[in-house]
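Secondary and tertiary structure notes
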Amino acid sequence: MTSLFAHFKFYFYNTYSRVLGLLFVANSFVFGNWVARIPDIKESLGLTDAALGMGLLGAPLGSILVMPFTGWLVSLIGLGRSLYLFSALLLLSPVMLASITSFNSLLACLIYLGITEGLMGVVINAAANGVERKLERPIMSTCHGMWSLGAMIGAALGSIIVGLKIALAPHLIIISIGVLIPLLLSPKMIKMFDALPVPEQNKGFQMPNMALLAISFAAFSIFLNEGAIADWSAVYLRETLKSDPYLVGMAYAGYAMFMALGRFTGDMLIPKVGKKNIVIGGALLSAISMSALLMLHHPWAAIAGFSLVGLGFSCIVPILYSSAANEPGYTAESAIAVVSTISFTGFFIGPPIIGFISEQYGLSLALVLVVGLSIMISAIGTMIQFK
């Protein structure tokens, strides 16, 4: 407990890690609010599961378009300026999402969301790795814990707002303004990240070696599961389990909360337990928890089950990103761009895949995909040499 307290004291007293943590929180907070509104979007547009899945394909398309070039953009613009610009673009996304009135606008808005998530996914993880090198101590897991914390708060708040029957547009616009104003008022604090070393003449996307391919495939599977849970857990509670409106966002909130708890302890737990053991054991815990919630078929069991799935997944992504950033022959930015391009594709194609399966066989059976992929992640974990 003392070491955990000392770690958090250091994390929040250090300006670099504190600012980075707040950026992780702000970015995921807007995403959590969006997750809580997906069932309303589906209902208001009269979309089937398959149609919603098609609309959600806009996000992976946007990410795939920009991620291969993000490392090059960061080296050109600078790490701090990139953080500031890409954060501002991402925090504007709720304003875009508030304007959804048709399937075409849903697709267009999610392409924008995918572009901004893709840009931010690379630069913020590269910044976390740069801070780790500067401070000579691990912070990646705690940074990802801050992301989960923001997602939990956003999803819980969004669920309450849905229960209060507040319209989509004012909800998301106020959320965007609330997080964007503090960012716009603090450019100097964020641009200090320009002082961190950024490799010169970065050529952008580099072809992955076998080690990065294995890491990327494991990350792809994790992100596919995360995307499926983020976009379909609320629909599962609302339409399959017929839960109270106040509960629809709580499954993802619980998932994010337990993921945050796991990640906040991860920087101290990982060296003691071992990266390989955490990846294998965490993936198996997620598979068992997901199987249990689908069999019990009850709203509170679903909330508890999704929460434990989040705990199981919690430290796997930070481990994968840190291992990729330390891969010989690659800069941190180029290695993370490789892994992010592949893994974020999983995050965004997961929801459409679930939608297509759900249309034919039902959402409960579609979510069995999460179980299968979790088992596969555990198997991949036995083969990866983590750095």
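Quick caveat: nothing in here was measured; it's all calculated off a predicted structure.

Conventions used here
Residues numbered from 1 in each chain as written. Predicted model: local features only at pLDDT ≥ 70, side-chain atom pairs only at ≥ 80, totals over all residues. Heavy atoms only, no water. Helix = DSSP H or I, 4+ residues; strand = E, 2+ residues; numbered from the N terminus. Rg over C-alpha atoms; globule rule 2.2 N^0.38 Å. Buried < 20%, exposed > 50% of the residue type's maximum accessible area, 1.4 Å probe, protein only. Expected span 1.5 Å × (residues − 1). Axes fitted to C-alpha atoms, helices over the stretch in contact; angles between N-to-C directions. Parallel < 35°, antiparallel > 145°, perpendicular 65-115°, else oblique. Left-handed = near helix turned anticlockwise from the far one by under 90°. Nonpolar A, V, L, I, M, F, W, Y, C, P; charged D, E, K, R; others polar. Phe/Tyr/Trp six-rings, centres within 6.5 Å; stacked < 30°, edge-to-face > 60°. Core = buried A, V, L, I, M, F, W, Y, C linked by side-chain atoms within 4.5 Å. Contact = heavy atoms within 4.5 Å. pLDDT = per-residue confidence, 0-100.

1. Observations concerning the overall build of the chain
In terms of helices and strands, the chain carries 18 helices and zero strands. What you see for the chain is a C-alpha radius of gyration of 19 Å, in line with the 21 Å of a compact globule of 387 residues. Projected onto the principal axes, the alpha-carbon positions of the chain cover approximately 50 × 45 × 40 Å. Out of the 387 residues belonging to the chain, those deemed buried represent 61%.

2. Structural notes on helix α14 (residues 299–313)
Because an α-helix packs 3.6 residues into every turn, residues spaced three or four apart end up facing the same way. With 15 residues, α14 extends 21 Å between its outermost C-alpha atoms, agreeing within 8% with the 21 Å of an ideal straight helix rising 1.5 Å per residue. Extensive coverage of α14 is indicated by the burial of 11 of its 15 residues. Within the sequence span of α14, burial applies to Pro299, Ala301, Ala302, Ile303, Gly305, Phe306, Ser307, Val309, Gly310, Gly312 and Phe313.

3. Structural notes on the packing of helix α8 (residues 140–163) against helix α12 (residues 250–273)
The relative placement of two packed helices is expressed as an angle between their axes plus a distance between the axes. Following both chains from N to C, one finds α8 and α12 inclined at 160°, their axes separated by 7 Å at the closest point. By the criterion of interaxial angle, the relationship of α8 to α12 is roughly antiparallel. Both α8 and α12 take part in a crossing whose hand is left-handed. Its residues assigned to classes, the contact of α8 with α12 shows 17 nonpolar, eight polar and two charged.

4. Comments concerning the packing of aromatic side chains
Scanning the model with the defined rule gives seven aromatic pairs in all. Ring centres of Phe31 and Tyr252 lie 6.3 Å apart, and the angle between their planes is 75°; on these two criteria the pair is classed as edge-to-face. A residue pair is termed long-range when its members are at least 10 positions apart, and Phe31 in helix α2 (residues 15–45) and Tyr252 in helix α12 qualify at 221 residues. Classification of Phe31 by relative accessible area gives buried; the value is 4%. Here the aromatic rings of Phe223 and Tyr321 are separated by 6.4 Å at their centres, their planes lie at 50°, and the arrangement is tilted. Separated by 98 residues along the polypeptide, Phe223 in helix α11 (residues 210–240) and Tyr321 in helix α15 (residues 316–325) bring together distant segments of the chain. Side by side, Phe223 and Tyr321 carry an identical accessibility label, which is buried. Aromatic rings pair up to connect Phe31, Trp147, Tyr252 and Tyr255 into one cluster.

5. Re the nonpolar core
Among the nonpolar cores identified, the biggest contains 127 residues, and Leu20, Trp34, Leu83, Phe193, Tyr236, Tyr252 and Phe306 are the most heavily contacted of them. Aside from chain neighbours lying at most four places away, what touches Leu20 is Leu83, Ile124, Ala127, Ala128, Val131, Ile139, Cys143 and Phe193.

6. Some details on the side chain of Asn27
Turning to its location among the elements, Asn27 is positioned in helix α2. According to the relative accessible area criterion, Asn27 is buried, its value standing at 5%. Sequence-distant contacts of Asn27, that is, excluding residues within four places in its chain, are made with Ser87, Leu90, Leu91, Met120 and Ile124.

7. Topic: unusual backbone geometry
A positive phi angle, close to 60°, is found at Lys165, a residue other than glycine. Here Lys165 lies in the loop between α8 and α9 (168–184). Located in the positive-phi region is His297, a residue other than glycine, with phi close to 55°. Structurally, His297 is set in the loop between α13 (275–296) and α14.

8. A look at the environment of Met192
With respect to the element layout, Met192 can be found in the loop between α10 (187–191) and α11. The partly exposed category is assigned to Met192, whose relative accessible area is 21%. In this structure Met192 touches Thr15, Tyr16 and Val19, once residues within four positions along its chain are discounted.

9. Describing the confidence of the model for the chain
Averaged over every residue, the pLDDT of the chain is 86; the share at 70 or more is 96%. Of all helices and strands in the chain, the one with the weakest mean pLDDT is helix α1 (residues 2–13) (74), whereas α13 scores best (95). Across residues 199–203, confidence stays below pLDDT 50; counting only partners more than four residues off in sequence or on other chains, it has nine contacts.

10. Quick word on the side chain of Ser105
With respect to the helices, strands and loops of the structure, Ser105 is situated in helix α7 (residues 103–135). Under the relative-accessibility criterion, Ser105 is labelled buried at 16%. When near neighbours in sequence (up to four residues on either side) are disregarded, Ser105 contacts Ser99 and Ile100.

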